[in-house]
Amino acid sequence: MKKLMSGNAALGEAAVLAGCTCYFGYPITPQNELTEYMAKRMPEVEGGVFIQSESEIAAINMVLGASVAGARAMTSSSSPGISLKQEGISYLAADELPAVIVNMARGGPGMGNISPAQSDYLQATRGGGHGDYRTIVLCPSSVQELADLVPVAFDLADLYRNPVLILGDGMLGQMMEPVSFDHITKGKDFPKDYILNGAKGRPSRMVRSLLFDTKEEEEHNWKLYRKVKRMEQNEVRYETTLLDDAEMVVVAYGTSARIAKGAIKRLRQEGLKVGLIRPITAWPFPKEIIKETANRVEDFFVFEMSTGQLIEDVQLSLEGKGRIHFYGRPGGVIPTPIELYRIISRHYYQSKRGKA
Amino acid sequence: MKQVYGRPKCLKEAHFHYCPGCGHSIVNRLLAEVIDEMQLRDKIICVAPAGCGMLLYNYFDIDTLESAHGRGAAVSTGIKRVLPDNLVFSYQGDGDLAAIGTAEGFHAANRGELISVIFVNNGVYGMTGGQMAPTTMIDQVTTTCPSGRNPALAGHPVKVCEVFAVLGGTSYLERVAVNKPSAVVKAKKAIVKAFQHQMNKTGFSLVEVLSPCPTNWKMTPIQSCKWIDEVMVKEFPLGVIKEVKC
């Protein structure tokens, strides 16, 4: 059965069904509906914990405490708040603890505004906090996919014992769409042989990230790196649309990908062979499909609601091949499919003329 | 022969790294004795701080977690809310609780989180080399107030217990010292009481321990112990600051 829900609320319900029992958060627009949903829903769950924390920093550290105690824990915020959480995310990665962190991003650096933007891409995909670590970054592009990716996020966090980010934006968080939860379940139980719950009937445990011995710290960093490599090998997710005969390929994620789909539909109606590669994981980035596509397609069109952060990953994936075109609208401006259709068709014909 | 004194069971066979005359070793030892005597080894979880107190996880045979500087009360909150039947304590220094982690400590106390904080106040940042703390005495010389703490520039010593006392969620706040045997006995009793308040779900409990730091105070251990009585106690009076019925 489908329910009409906002992305933020759908995310909350999916988290509950995926076994999340702890939510800690601090209000910030445009993700407040999630905090409010969890305030209502968590008390209905067995062992459910909801705390409106005193800050984003406190929230992520409460997540760390709940995680080390064995619970599935989540926090959410929007861009400026995510910056504050980076300290805790770095500690979660260093301590090898699972957690799900949601970023419903907003426009610009500093306070920015409360409109949707994609300017947190580099922060999300490059670790964000201090030290050598990465986090899996899941990028839904509809309310249904938001809900679908929540259990995936919890499972990946448990599997790798690493924080997992869900990167959306204000539009995804606040738009309402019909969403089904029928298939969302708690999933399997992962071994929790690291948790702290009092050393009853077992040797005591210590969870820490400080390793004074540089060799020990180096080995810990290599261990985290090997995990990064495993995630890169096994967790790449993407979607392609009309790629087979494409002469120009749009690369876009999240809300941008959705707008791009609208533009591509119109372009196809006019006979322009444009396809789409949509990274579902912004990290690990689906570089193989882009590299492969570059064997027969020369023109790649990066579309992002930023000044162009995704370009770096596309460029790295192309390994010197192909040509990158870019269109970006930062600051919370949401481009329309028609606007994008016009820009893409201009680039499409220009590159055709260039080849002729 | 009856053994009247020995190594607490929950203290590992490790050597403390603390400087000679440092109060942390006494506080660690007291905690270990209390954990043994109250038979808490199997149910207690310690959240260690950044700073000199951090390495206590090397000494205790109990479940321990290291937290980022100042975040002990928030991390403890997360643990305790998931495991309400366990005992959770956060071990924190003065920079930790009265500077970088003021918000986390204050709000955990105000929410009445059922955790205990062992707050070691030596008026200085120890591990980083003796810089000024929020609890540094007026006129006390540190590496970052080389002419002595001037309240016009650097504010006044922060009284954590007195500030927390007005919060509705706090149930037990006592300030003790570890500079002489009689004070040490009182300190131990205060730790027991803090844990009892947590076990009885009365509210947030905190024991502030005035603790010597001879290395950074540039004093001998004996001078340090005297200085606590002669200077520190005047700013930070000892005794129960708040206790609700447990």
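What you see as residue numbers is a count from 1 along each chain, following the sequence as written. Whichever chain is written first becomes A and whichever ligand is written first becomes 1, with later ones labelled in order. For this predicted model, a pLDDT threshold of at least 70 governs which residues receive local features, and a threshold of 80 or more governs which side-chain atom pairs are given and counted, while totals over whole chains, interfaces and linings are taken from all residues. Each side-chain value is worked out from all heavy atoms of the structure, with water and hydrogens disregarded.

Enquirer: Explain the interface of chain B and chain A residue by residue, including any values.
Expert: If you look at the interface, chain B gives 35 residues, while chain A gives 36 residues. The term buried area means the drop in 1.4 Å probe accessible area that two parts suffer when joined, counted for both and summed. A buried area of about 2600 Å², summed over both sides, lies between chain B and chain A, and 60% of it is on carbon and sulfur atoms. Salt bridges are identified by distance alone: a Lys or Arg side-chain nitrogen within 4 Å of an Asp or Glu carboxyl oxygen. Between the two partners, chain B and chain A, sit 3 salt bridges. The partner of glutamate 87 of chain A in a salt bridge is arginine 71 of chain B, with the nearest N and O atoms 2.8 Å apart. Within 3.5 Å is the distance limit for a polar contact, defined as a pair of N or O atoms, with the added protein rule that one can donate a hydrogen and the other accept it, and that residues adjacent in sequence qualify only through two side-chain atoms. Here chain B is connected to chain A by 14 residue pairs in polar contact (both at pLDDT 80 or more). Elements represented by at least two residues in the side of chain B that touches chain A include exactly strand S1 (44-48), strand S2 (63-66), helix H2 (72-82) and helix H4 (102-111) of chain B. Counting residues per element, the side of chain B that touches chain A draws most heavily on H2 of chain B, at 7 residues. In the side of chain B that touches chain A, the residues fall into 16 nonpolar, 7 polar and 12 charged. Two strands pair under a simple rule: DSSP has to find at least two bridges between them. Each helix is a run of H or I in the DSSP string that is no shorter than four residues. Each strand is a run of E no shorter than two, and both are numbered from the N terminus. Relative to S2 of chain B, strand S9 (residues 206-207) of chain A runs parallel, the two sharing 2 bridges. Contacts are assigned to residue pairs with any non-hydrogen atoms lying within 4.5 Å of each other. All amino acids are sorted into three groups, where Ala, Val, Leu, Ile, Met, Phe, Trp, Tyr, Cys and Pro are nonpolar, Asp, Glu, Lys and Arg are charged, and the leftover types, Gly among them, are polar.

Enquirer: Let's hear about the packing of helix H3 (residues 56-68) of chain A against H2 of chain B: which residues, and what values?
Expert: For any two helices packed against each other, one specifies the inter-axial angle together with the distance between the axes. Two elements in contact, H3 of chain A and H2 of chain B, have axes whose closest approach is 6 Å; the angle formed by their N-to-C orientations is 45°. Taken together, the axes of H3 of chain A and H2 of chain B are oblique relative to one another. Considering how the two elements wind past one another, H3 of chain A and H2 of chain B form a crossing that is right-handed. Contacts from Ala58, Asn61, Met62, Leu64, Gly65, Ala66 and Val68 of chain A in H3 of chain A reach Ala74, Val75, Thr77, Gly78, Ile79 and Val82 of chain B in H2 of chain B. Considered class by class, the residues forming the contact of H3 of chain A with H2 of chain B number 9 nonpolar, 4 polar and no charged. The axes are straight lines fitted to the C-alpha atoms, using for helices just the contacting stretch, and the angles between their N-to-C directions are given from 0 to 180°. Working rule for angles: under 35 degrees goes down as roughly parallel, over 145 as roughly antiparallel, 65 to 115 as roughly perpendicular, anything else as oblique. In this scheme, a crossing is called left-handed if the near helix is turned counterclockwise away from the far one by less than a right angle; it is called right-handed if the turn is clockwise.

Enquirer: Hey, could you go over the sheet that holds strand S10 (residues 238-241) of chain A for me, with residue numbers and the actual values?
Expert: Residue and element names in this part refer to chain A. Ordered by their spatial adjacency, 5 strands build an open sheet running S10-S12-S11-S14-S15, and the pairing between neighbours is mixed. With one partner strand each, in any of the chains shown, S10 and strand S15 (323-328) form the two edges of the open sheet. Within the sheet, the average angular offset between the axes of one strand and its neighbour, ignoring direction, is 20°. Relative to strand S12 (residues 274-279), strand S11 (residues 248-251) runs parallel, the two being bridged by 4 bridges. Its bridge partner being in S12, valine 250 is matched across the sheet by leucine 276. Here helix H9 (residues 254-269) sits on the sheet in contact with S10, S11, S12 and strand S14 (299-304), set at roughly 165° to S12. Running over the sheet, helix H11 (residues 310-318) touches S11, S14 and S15 and is turned about 155° from S14.

Enquirer: Would you mind going over the pairing of strand S2 (residues 22-25) of chain A in detail, with residue names and values included?
Expert: All names here are of chain A. Neither face of S2 is left uncovered, since the one carrying Cys22 and Phe24 and the one carrying Tyr23 and Gly25 both have all their residues buried. Of the strand pairs in this sheet, S2 and strand S3 (residues 49-52) are connected by 4 bridges, and their pairing is parallel. Paired with glycine 25 across the strands is glutamine 52, a residue of S3. Handedness of a crossover is defined as follows: orient the strands so they point away from the viewer, and if the path from the first strand over the helix to the second runs clockwise, the crossover is right-handed. Tracing the backbone out of S2, into helix H2 (residues 32-41) and back to the parallel element S3 gives a crossover that is right-handed. With a 1.4 Å probe rolled over the protein chains alone, any residue whose accessible area is under 20% of its type maximum counts as buried; one over 50% counts as exposed, and the rest are partly exposed.

Enquirer: Residue-level account of the nonpolar core, with values.
Expert: Soluble globular proteins tend to pack their nonpolar side chains together in the buried interior. Grouping buried Ala, Val, Leu, Ile, Met, Phe, Trp, Tyr and Cys residues that are joined through side-chain atoms within 4.5 Å yields what is termed a nonpolar core. With 119 residues, the main nonpolar core has Phe24, Met38 and Met74 of chain A together with Ile79 and Leu206 of chain B as its most contacted residues. The element that contributes the greatest number of residues to this core is helix H6 (residues 143-160) of chain A, accounting for 10 residues. In this structure, methionine 38 of chain A is in contact with Gly12, Ala15, Val16, Cys20, Tyr23, Pro43, Phe50 and Met74 of chain A, ignoring residues within four places of it in sequence. Among the nonpolar cores identified, the runner-up in size contains 37 residues, and Ala32, Ile62, Ala194 and Phe195 of chain B belong to it.

Enquirer: Just give me the short version of the side chain of glutamate 96 of chain A, but keep the residues and values in it.
Expert: All names here are of chain A. Positionally, glutamate 96 belongs in the loop between helix H4 (79-95) and strand S5 (99-105). One polar contact links glutamate 96 to lysine 223, side chain to side chain, over a distance of 2.7 Å. If near-sequence neighbours (up to four positions away) are discounted, glutamate 96 is found in contact with Arg161, His220, Lys223, Leu224 and Lys227.

Enquirer: So, the pattern of salt bridges: which residues are in play, and what are the values?
Expert: Side-chain pairs of opposite charge can arise where the charged atoms are in close proximity. Considering all chains together, one arrives at 39 salt bridges over all chains under this definition. The shortest N-O distance in the salt bridge between lysine 192 of chain A and aspartate 158 of chain A comes to 3.6 Å. Of this pair, lysine 192 of chain A sits in the loop between strand S8 (176-180) and S9 while aspartate 158 of chain A sits in helix H6, placing them 34 residues apart in sequence. Take lysine 192 of chain A: its relative accessible area is 24%, and that puts it in the partly exposed class. Note that glutamate 235 of chain B is salt-bridged to lysine 159 of chain B, the shortest N-O span being 3.6 Å. Here the residue glutamate 235 of chain B occupies a position in helix H9 (residues 221-235), and lysine 159 of chain B occupies one in the loop between helix H5 (151-154) and helix H6 (160-165), the gap between them amounting to 76 residues. A single network of salt bridges, built from pairs that share partners, joins Glu54 of chain A together with Arg81, Arg111 and Glu113 of chain B.

Enquirer: Outline unusual backbone geometry, listing residues and values.
Expert: Of note, the bond from threonine 29 of chain A into proline 30 of chain A is cis; its omega dihedral lies within 30 degrees of zero at 10°. Summarising the element assignment, proline 30 of chain A is placed in the loop between S2 and H2. In this structure, proline 284 of chain A follows tryptophan 283 of chain A across a cis peptide bond, with omega equal to -5°. Along the chain, proline 284 of chain A turns up in the loop between strand S13 (281-283) and helix H10 (287-293). A positive phi is found at aspartate 139 of chain B, a non-glycine position, where the angle reads about 75°. If you trace the backbone, aspartate 139 of chain B turns up in the loop between strand S6 (131-132) and H5. Aspartate 139 of chain B gets classed as exposed once you look at its relative accessible area, which sits at 59%. Its identity is not glycine, yet lysine 201 of chain B carries a phi of approximately 60°, on the positive side.

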